[in-house]
Amino acid sequence: MTAQSWGLLALLLAVTLLAVKPLGLYMARVMEGEPVPGLGLGARFESWLYRLSGVDPAAQMGWKHYALALLVFNTLGVLLLYALQRLQGWLPLNPQHFGPPSADSAFNTAVSFVTNTNWQSYTPETTMSYLTQMTGLAVQNFLSAATGIVVAVALIRGLARHSAKTIGNFWVDVTRATLYVLLPIATVIALALVSQGVIQNFSHYQQVTLLQPVTYPQPSTTAAGASRLQTVTTRTQTLPMGPVASQESIKELGTNGGGFFNANSAHPYENPNAWSNLLEMFAIALIPAALTYTFGFMVGDTRQGWAVLAAMMIMFVGLYAVCNHSEQRGNPALSALGVSQLPSAQQSGGNMEGKEVRFGIAGSTLFSTLSTVTSTGAVNSMHDSYMPIGGMVPLLDMMLGEVVLGGVGSGLYSMLIFAIIGVFIAGLMIGRTPEYLGKKIEAFEMKMSAIAILVMPFIVLTGTAIAVSVAAGRVGVANPGPHGFSEILYAFTSAGNNNGSAFAGISADTPFYNTALGIVVWLGRFWPIVAVLAIAGSLAAKKRIPVSAGTMPTHGPTFIALLIGTVLLVGALTFVPALALGPIVEHLMLWSH
Amino acid sequence: MKTILRPALTLLLVMTLITGVIYPLVVTGVAQIAFPAQANGSLIRKNGRLIGSRLIGQPFDSAGYFWSRPSATSPQPYNGLASGGSNLGPTNPALIAAVKARIAALHAADPGNRAPIPVDLVTASGSGLDPDISLAAAYYQAGRVARARGVSVRQVRALIAAHARGGELGVLGTPRINVLELNLALDAMK
């Protein structure tokens, strides 16, 4: 790894860690229902909104009521987003006159954006109207992130409360998370992105006269019906426009990842330079990191939050180092052709296929690692063209369950489930009843934890197995050999973890993939959420046990090691066989001669 | 059920209005006042005609211009309506074949130059619209551009040095140069 690669990591970690305490405290205030300083107007708007909705903000919900409200709210979101796409041809703000996407594509997109996945089987700049992007896709960027936050907060309340029947009010939680946390931060980040060159307008697409005409082969059909290549010369280039920055900021801040353009954050209008790249990475890491502090604060012991964050950061640095090393080393097949891949003062070197010069190896691999340990799935370089091990890291990031920072909210609640499993394993080893934060961990919590953890590998591996067994699945593959298997495995891993990134060579805009991945995405999101809320309800009802000499501390290095061990063990045991068939065998083939 | 449907529907619609309409309109309004050039695409105009964007690359293949990176967009390279990469895997024979063809094209345009070719000049970018090449890739092409233009290599190298960027905060930017701006500067050089 180059000094620049370490330096960029240090810079990102420094700015993120500085924000953890202030934002964590702020979110705790917001979610505990305290008035937000400087937002008196917000309080008045809030009470008007609750009256309009028929909500009593003081009424608390049990876990079943909370889960039902969450499911209904998200299901309505899917229906609205589906309708919006299918009707966009008749609706305003569609200057390019796009028609409706196909039914299976619209279904996939709707489910995908509501679940914080943002898998995109369509090409945005030639599919979605400005209205669909703004009032459909971007809205779900906010609401799916808010949904993640409220589930995490409900679980924290379950740990913090005792002998209680309720875990909060879903309507109030989702409103406050959106209005007081996501909206103000997204606005500031959006404007900062514009200052760096991210576009924000409602113009028609722009016609550019090229400096030098370009000649290229265009497939065409002859009068006899045969296809042939015709040489065409053009002098123009069309530049897409649109309200990009407002969507870009919440796309990263909410760990959503759905790009305004097909190339996502590799597109210069989404991510124009190294500063915007740093800002976008900061936006991704910000809320998941700060929520660990919110957690510690709300359970009354901030060391608990720091311990969870430390476990996350240790894994993050390790994963980044592997990915970065593999990409910086470059492709031996290109070295053999006399191509220079060594880093120097004049180039970043390394494997540059699918990467942008302005990000180089450091900015590309840090982004891809961060985007896949969280549930973001935004890409500023094409993972499909990574070296076998470099591309295995994003895959592995997701397979670990996206608990290293993880999605907004979902990362924390998934990590806390691993913590529960960790103390259970430790309890078995020393022969004591496991407890976490003064709550006894019993059969019901363990059953629900097992469900929350095992749903993902189950649907990912089943989905992959089906796709490689049927022609409709295999036909989508773009690259030959084990890499093709990796493409399918990546698609289902991404869907099952609500990530949304892809080995994008795969042709996934087919009824088979749109439907299969749409189902996997839905199950991967809401099955674990219901299990987590059940745990929250059960923990809230328990009495708090006082700390005794036999209590295992859950804030020290031993616990951090235990937590990391649990995450790696579950992820590794489940997925190593599948990884061996894909990236690992490809790596051995590439470096054997 | 009604106690759930009513708040769900009301909140969904109000939130759509706030985050889907008011929020982007406010951001657009402020952006258009505070950063109009950036918000509208960092466009470059010459004699009233739109000739490009500082942020979006253009294809070049004549000897007298610096070449941009290969672009995998289809059907034409640097197609603004179809951003994306090749998605060729590292062991795909099609990747090796494409790189060989690009090397051959560079050698054909500059037969005397047998220096190692900087990797970004023979690999397709992620967006297909990469506006930059590495400094190494610019210096690699300096001899060919100078000969085709009938100017000295020293002049061309000085131009590269004047347009070079990178190293923000020591760790941020990579060493790079904007190809369109460099080529416009070449055209302006007398």
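Above this text you will find the structure in question.
A short tour of the structure in this document, coming up.

About the criteria used
Starting from 1, residues in each chain are numbered consecutively following that chain's sequence as written. The order in which chains are written sets their letters, starting at A; the order in which ligands are written sets their numbers, starting at 1. Where totals are concerned, whole chains, interfaces and linings use all residues; where local detail is concerned, this predicted model gives features only for residues with pLDDT of at least 70, and gives and counts side-chain atom pairs only at 80 or more. Excluding hydrogens and water, the side-chain figures rest on all heavy atoms present in the structure. Here the term buried applies to any residue with accessible area under 20% of the maximum for its type, exposed to any over 50%, and partly exposed to those in between, with areas from a 1.4 Å probe on protein chains only. Counting from the N terminus, the helices are DSSP H or I runs at least four residues long and the strands are E runs at least two residues long. This arc is built from the directions going out from the helix axis to the C-beta atoms. Two residues qualify as a contact provided that any one of their heavy atoms is within 4.5 Å of a heavy atom in the partner residue. Two rings from Phe, Tyr or Trp (for Trp, the six-membered ring) form a pair when their centres are within 6.5 Å of each other. A pair whose planes differ by under 30 degrees is stacked, one over 60 is edge-to-face, and the rest are tilted. Expected span of a helix: the number of residues minus one, times 1.5 Å. Definition of nonpolar core: a set of buried residues of the types Ala, Val, Leu, Ile, Met, Phe, Trp, Tyr and Cys, connected through side-chain atoms within 4.5 Å.

Things to note about helix α5 (residues 153-163) of chain B
Residues and elements named next belong to chain B.
Then step 1. Looking at α5, one finds that the buried residues are Val156, Leu159 and Ile160. The arc that holds the buried residues of α5, viewed along the axis, is 100°, so those residues lie on one side. Across α5 from its buried face, at more than 90 degrees, point the exposed residues Arg154 and Ala162.
Then step 2. Tucked inside the fold, the buried residues of α5 contact α4 (135-149), β5 (176-178) and α6 (179-188).

Side note on the packing of aromatic side chains
Aromatic rings considered in pairs are described by the distance between their centres and by the relative angle of their planes.
Residues and elements named next belong to chain A.
Then step 1. Evaluation of the coordinates by the stated rule reveals 15 aromatic pairs over all chains.
Then step 2. Measuring from ring centre to ring centre gives 5.8 Å for Phe73 and Phe170, while their planes differ by 70°; the resulting arrangement is edge-to-face. Of the two residues, Phe73 sits in helix α3 (residues 63-86) while Phe170 sits in helix α6 (residues 170-196), which places them 97 residues apart along the sequence. The exposure classification of Phe73 matches that of Phe170, with both residues buried.

Examining the side chain of Thr554 of chain A
Residues and elements named next belong to chain A.
Then step 1. Take Thr554: it is sitting in the loop between α17 (511-541) and α18 (557-591).
Then step 2. By relative accessible area, which is 4% here, Thr554 ends up buried.
Then step 3. What Thr554 contacts, discounting residues up to four positions off in sequence, is Gln304, Ala307, Val423, Tyr436, Leu437 and Phe559.

Some points on unusual backbone geometry
Then step 1. The residue after Ser74 of chain B, namely Pro75 of chain B, is reached through a cis peptide bond having omega -5°.
Then step 2. Tracing the chain through its elements places Pro75 of chain B in the loop between β2 (49-53) and α3 (93-109).
Then step 3. For Glu402 of chain A, which is not glycine, the phi dihedral falls at a positive 50°.
Then step 4. Tracing the sequence through the fold places Glu402 of chain A in the loop between α12 (388-399) and α13 (410-430).

Considerations on α13 of chain A
Residues and elements named next belong to chain A.
Then step 1. Taking 1.5 Å of rise per residue, 21 residues should cover 30 Å, and α13 covers 30 Å from first to last C-alpha, within 8% of that figure.
Then step 2. α13 sits mainly inside the fold: 16 of its 21 residues count as buried.
Then step 3. After α13 finishes, the residue Gly431 shows a positive phi value of roughly 75°.

With respect to the nonpolar core
Then step 1. Counting 163 residues, the largest nonpolar core has Phe170, Trp171, Ile287, Phe295 and Tyr436 of chain A as its most contacted members.
Then step 2. Looking at this core, the element that brings in the most residues is α6 of chain A, giving 17 residues.
Then step 3. Counting residues in each nonpolar core, the second largest holds 40 residues, with Met352 of chain A together with Ile96, Val99 and Leu159 of chain B among its members.

That is the geometry; function is a separate question.
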